[in-house]
Amino acid sequence: MDQIKVEKGMAELKETFSSGKTRSAVWRKTQLRALIELVHENEEEIFKALHQDLGKHPVEAYRDEVGVILKSADYSLSRVEKWMAPKKGHIPLLFFPANGEVMPEPFGVVLIFASWNFPISLALDPLIGAISAGNTVVLKPSDMSPKCSSFLANAIPKYLDPKAIKVVEGGADVCEQLLQQKWDKIFFTGSQRIGRVVMTAAAKHLTPVTLEMGGKSPAILDVTSTSSNMKVVAKRIVGGKWGPCCGQACIGIDYVLVEDEHSSFLIGSLRRIIREFYGENPEESISLSRIGNKNNFDRLSRLIKDPLVAASIVHGGSTDEEKLFIEPTILLNPPLDSEIMTEEIFGPLLPIITLNNIQESIEFMNSRPKPLVIYAFTKDETFKKQILTHTSSGGVVFNDTMVQFICDDLPFGGVGHSGFGRYHGKYSFDTFSHEKAVMHRGFYPEIEPRYPPWNSFKLQFLRLAYSFNYLGLLLLLLGLKKKY
Amino acid sequence: MAGSEEKEKAVFDVDAASALVNELRCTFASGKTRSYEWRVTQLKNMLKMCDENEKEIAEALRQDLSKPELESVVYEIGMLKNSCRVALKEVKHWIVPEKAKTSLTTFPSSAEILSEPLGVVLIISAWNYPFLLSLDPLVGAIAAGNAVVLKPSEIAPASSSLLSKLLVKYLDSSAIRVIEGAVAETSALLEQKWEKIFYTGNGRVARIVMAAAAKHLTPVVLELGGKSPVVIDAGINLQVATRRIIAGKWGCNNGQACVSPDYIITTKDYAPELVMLSAIKVSFQFFLAFHFLPCCCSFSCFFNCFVLIQVDTLKNELERFYGKTPLESKDLSRIVNSNHFTRLTKLLDEDKVSGNIVHGGERDKESLKIAPTILLDVPQDSLIMNEEIFGPLLPIILVNKIEESFDLINSGTKPLAAYLFSNKKKLKEQFVMSVSAGGLVINDTTVHLAVDTLPFGGVGESGMGSYHGKFSFDAFSHKKAVLYRSFIGDAAIRYPPYTTEKVRLMKALIGGGIWNIIQALLGWGKA
């Protein structure tokens, strides 16, 4: 892909946008319907591509990718016209007669970067937002999930408007070329390192960005209040760690915090559930995804090669380079300054960190960068409140994991190093829209004191006017307010 | 002692900035700024500060900008006080969590969105409204519960210094600080990690701010500017329109405002309208028109007529407002400094446009004054049409059809504001639909800034993010999504081992309605 092709493509998208075609509700809904059709008609192919790239089973593929997109597109389809309608804003009496509204309008030509771990949903979910908001789009899937990238590049032009939505495949060099262009918005999902590169490039053109990144999302386990539900808790922790792409998920559990006295109980429960889910030999389980690529495999292997870290392994630890397989691994109290505890793990290694008192988890989390999500298993209402008010994260989920991702009415996004901006549901529409303020005024009546030459009457009038002190104004006009 | 004071002043470097941020982080971590009482106290004190120091503030603005007292009192102090009042009244509502809906798929569950402060934020302000643009964002940052560093502009030094003094006196210095200075101090601040940076100024520096923010993945609000056009249609009350344009242009810091009308676009083709005008005015304009065009065909006469009537009306009203010698009027701000004075005179003196001045053009370098100046029919490729003017010069561009003005506006970078004077419903609708700008006003200029229910911010080159009213609170908040789940209702289909049966059930559960879910659970429905 050379520079000229990129520029030509962008020129076409600009032209399409200028034509006004993408602004009609009809166009947007047609595209959304076409996207739903694309997914329905190619479900098997999508399952196949996800299996080839990441070893995902169709249940996982449906739950985390196909199903998410169908639901999202459907949600947007039934609401997009409502979202497009201007919202009224109340105008003070001083300006009567006047009306005000906030009108959402598309930014123009937008760029979406998808990551490799959820190569379908993290490409198409933002695309749904961009289309709903009326933009033209360049979608750049990750080259580290090549089968999915190629599927998107082939299927999208067949179903969606090729003059308005383009897929550009490629690696780092293509990303660089794309980033040199002037976009009206960039939506990025990926690592913090690349997030910085994207934002720095965007700064040159004053392009607004949404950065969906990650961090170390902890699960806090308050055994005292949840001991009677331990089986469900353990299932949800295992499900939230190894379920999504074998731990390679921004909202996957990174590590667990639990009280020291309950750690063996927890480990025992987790091991039982791992066996239940993945059998005696997880390497042969079809329910476990693979490590996405060799880079990630090498990085994860390195994390557990550290002797102090290796010594803390209490379950699992085996790896197979050829199959890009790493066994679900549990570690107990690896050193806090080891890489596994300072970097986002993004893999099937679960450190359990013990504390004297579960309340200490708050300080533990606060002394670290803000994560994308905090999972807290507790029934203690006071503790819940403390977590909410004393910690900061993109989001918080009590007593479960992962499910916030499918709540269309909850904004999904990070804070601090886990990102900024948000999407899902209407937030997707908003993130790709400029909210334009519009105020209509009449020619009459005129507020004479607005105009020079200035004098003390006009000053007094405007003082009262600008504090919307209508009574004062009335008195002034009636000559009943003497002092000015 | 003078020696050590100087030493203290001289060294605000990266280390000092880092120490400052750490100190504020400690304050923030203590939870102090999160309390409702703290926020309300700060806002009340800011109101008090404005009330008790109105004279001093007006004096500082007079020193920095020769700003007329009325502009200072109304547009800086008055608007700021309003902001404080709105925040004081509303913050208790703004901090209440917003309920969010949950679907059948996650039943049973409940959800809400919590507003929480971001932490330690940086506000960098501009020189043209040094009080308003420093303190209005500060209102939002405080209302949202943050700790703040404010960096006022050094180009308005009296205001910067007064701000520094007043904030120490009235606000909580353990959480709110002012750092004065220029490039070195700003750079030191920009090296630090902030939870948010709010910048008001120009596009060049905005790029620097955003690039610095990118290193720490810090979100930004950039309030910039652009060339805010005014489109004038026929069939309007020209006198009222003219006055409103003057108020928005020269009445706002003598054109040095981000939302000031930058230039006018109007059309040549007004024959039907012109016939309605008074005979005396028309005959006078015909005389002038004769001088503009050798071929005196009726349409071209008429085009010059309406335009000249507009110019004429502008001239009349300008004289009414500022007198015959506007350079001496006390009701006009001066140009802020010699750099900008030179920049503006360069725009005027360019060969392409110097002959197009139809009113004004006078200047006085010593007092840094330029008279309200109107230029007619300047070329598109002139300097004055290719940068934000930010001064008392008003070019008028002519087009054949009024709709062409929209294309003209859209061919440039998106401005912060765009204005249309028209009574035609269809034209207004077209304007609103097709012109992209931060904000639009029909039949007036700049007043939308006083409406706190409308977001104030730019798009494209004019900026990103918005504020005023609740938008200020939101700009400085993180909206945290919270989902509450219980332990009942755990669908086994979520968990491995995965089977094809589970695929079917999964399809029903996600996005399927209640009937699909029942079907699936009973073993019916599609695979």
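Residues numbered from 1 in each chain as written. Chains lettered and ligands numbered in written order. Predicted model: local features only at pLDDT ≥ 70, side-chain atom pairs only at ≥ 80, totals over all residues. Heavy atoms only, no water.

Labelled according to an unreviewed UniProt entry, chain A appears under the name Aldehyde dehydrogenase, originating from Hevea brasiliensis. Per UniProt, chain A carries the Sequence similarities (unreviewed entry) text "Belongs to the aldehyde dehydrogenase family." (UniProt positions renumbered as here; feature names shortened; annotations may be inferred.)

*Asks:* Which residues make up the state of the cysteines, and what values go with them?
*Replies:* As enumerated under the stated definition, the model contains 0 disulfides over all chains in all. Here A:C407 is not disulfide-linked; the sulfur of A:C250 is the nearest cysteine sulfur, at 15 Å. (Disulfide = S-S within 2.5 Å.)

*Asks:* Tell me about the interface of chain A and chain B, and please be specific about residues and values.
*Replies:* On the chain B side, the residues contacting the 107 residues of chain A number 105 residues. Between chain A and chain B, roughly 8,800 Å² of surface is buried when both sides are summed, and carbon and sulfur atoms account for 64% of that area. It is A:L206, A:F443 and A:Y466 that lose the most area in chain A upon contact with chain B, and together they represent 10% of the buried surface on that side. Notably, a salt bridge pairs B:R243 with A:E446, separated by 3.9 Å at the nearest N-O pair. Where chain A meets chain B, there are 43 residue pairs in polar contact (both at pLDDT 80 or more). The greatest single-element share of the side of chain A that touches chain B, amounting to 9 residues, is contributed by helix α8 (residues 192-205) of chain A. Residue composition of the side of chain A that touches chain B, grouped by class: 49 nonpolar, 31 polar and 27 charged. Relative to strand β18 (residues 477-485) of chain B, strand β16 (residues 395-398) of chain A is paired through 4 bridges, and the arrangement is parallel. (Contact = heavy atoms within 4.5 Å. Buried area = accessible area lost by both parts, 1.4 Å probe. Salt bridge = Lys/Arg side-chain N within 4 Å of Asp/Glu carboxyl O. Polar contact = N/O pair within 3.5 Å; in protein donor to acceptor, adjacent residues only side chain to side chain. Helix = DSSP H or I, 4+ residues; strand = E, 2+ residues; numbered from the N terminus. Nonpolar A, V, L, I, M, F, W, Y, C, P; charged D, E, K, R; others polar. Pairing = 2+ DSSP bridges.)

*Asks:* Could you give me a rundown of the domain arrangement of chain A, with the residues and numbers involved?
*Replies:* Bring the parts together and some accessible area is lost; that lost area is often taken as the interface size. Residue and element names in this part refer to chain A. When cut into domains, chain A gives domain 1 (3-213 + 424-435), domain 2 (218-413) and domain 3 (450-484). Computed over C-alpha atoms, the centres of domain 1 and domain 2 are 31 Å apart. Of the residues lining the interface, 24 residues belong to domain 1; the matching set on domain 2 comes to 24 residues. The contact between domain 1 and domain 2 buries some 2,100 Å² in all, and 52% of this surface belongs to carbon and sulfur atoms. Scanning the region where domain 1 abuts domain 2 turns up 1 salt bridge. In this structure, D408 and K71 form a salt bridge, with 2.9 Å as the shortest nitrogen-oxygen distance. (Domains from an automatic or database assignment.)

*Asks:* I'd love a proper account of the UniProt feature "domain: Aldehyde dehydrogenase" (unreviewed entry) in chain A, names of residues and values included.
*Replies:* Residues given the UniProt feature "domain: Aldehyde dehydrogenase" (unreviewed entry) here are residues 5-438 of chain A. As a span, residues 5-438 of chain A carries 45% helix and 18% strand, and end to end its C-alpha atoms are 38 Å apart.

*Asks:* Go over the UniProt feature "active site" (unreviewed entry) in chain A with me, naming the residues and quoting the values.
*Replies:* Residues and elements named next belong to chain A. When the UniProt feature table is mapped onto this chain numbering, "active site" (unreviewed entry) sits at E212. For E212, the location among the structural elements is in strand β7 (residues 209-212). For E212, a relative accessible area of 2% puts it in the buried group. The residues touching E212, leaving out its near neighbours within four places in the chain, are F187, F188, T189, G190, F412, G413, S418, G421, R422 and Y423. (Buried < 20%, exposed > 50% of the residue type's maximum accessible area, 1.4 Å probe, protein only.)

*Asks:* Go over the sheet that holds β18(B), please, and point to the residues and values.
*Replies:* Ordered in space as β10(A)-β13(A)-β14(A)-β9(A)-β8(A)-β15(A)-β16(A)-β18(B)-β2(B)-β1(B), the 10 strands form an open sheet in which the pairing is mixed. For this open sheet the edge positions go to β10 (313-315) of chain A together with β1 (98-100) of chain B, each flanked by a neighbour on one side alone. Shown here is a sheet whose adjacent strand axes are inclined to one another by a mean of 25°, direction ignored. Of the pairings in the sheet, the one linking strand β2 (residues 109-117) of chain B to β18(B) comprises 9 bridges and is antiparallel in character. Opposite B:S110, over in β18(B), you have B:Y484 as the bridge partner. (Axes fitted to C-alpha atoms, helices over the stretch in contact; angles between N-to-C directions.)

*Asks:* Got a sec to walk through empty space enclosed by the protein? Specific residues and values, please.
*Replies:* Vacant regions in the atomic arrangement are exposed by a probe of water-molecule size rolled over the atoms. By the definition in use, this model includes 7 cavities of 30 Å³ or more. Along the wall of the largest cavity there are 28 residues; nearest its centre are B:Y75, B:M79, B:C252, B:T446 and B:L449. Of all elements in the fold, only α18 (456-466) of chain A together with α5 (69-94), α6 (132-143) and α10 (238-249) of chain B reach the threshold of two or more residues within the lining of the largest cavity. Ranked by residue count, the leading element in the lining of the largest cavity is α18(A), at 4 residues. Its residues assigned to classes, the lining of the largest cavity comprises 22 nonpolar, 4 polar and 2 charged. Volume-wise, the second largest cavity comes out at about 200 Å³. Considering the residues around the second largest cavity, the lining is formed by 20 residues, among which B:M79, B:N82, B:S83, B:D452 and B:G469 are closest to the centre. Looking at the lining of the second largest cavity, the elements with two or more residues in it are α5, α6 and α18 (470-475) of chain B. Residue composition of the lining of the second largest cavity, by class: 12 nonpolar, 6 polar and 2 charged. (1 Å grid on protein atoms, 1.4 Å probe; cavity = no way out; pocket = protein on both sides within 12 Å on 5 of 7 lines; lining within 4 Å. Points joined across faces, edges and corners; volume = space filled by probe spheres on them.)

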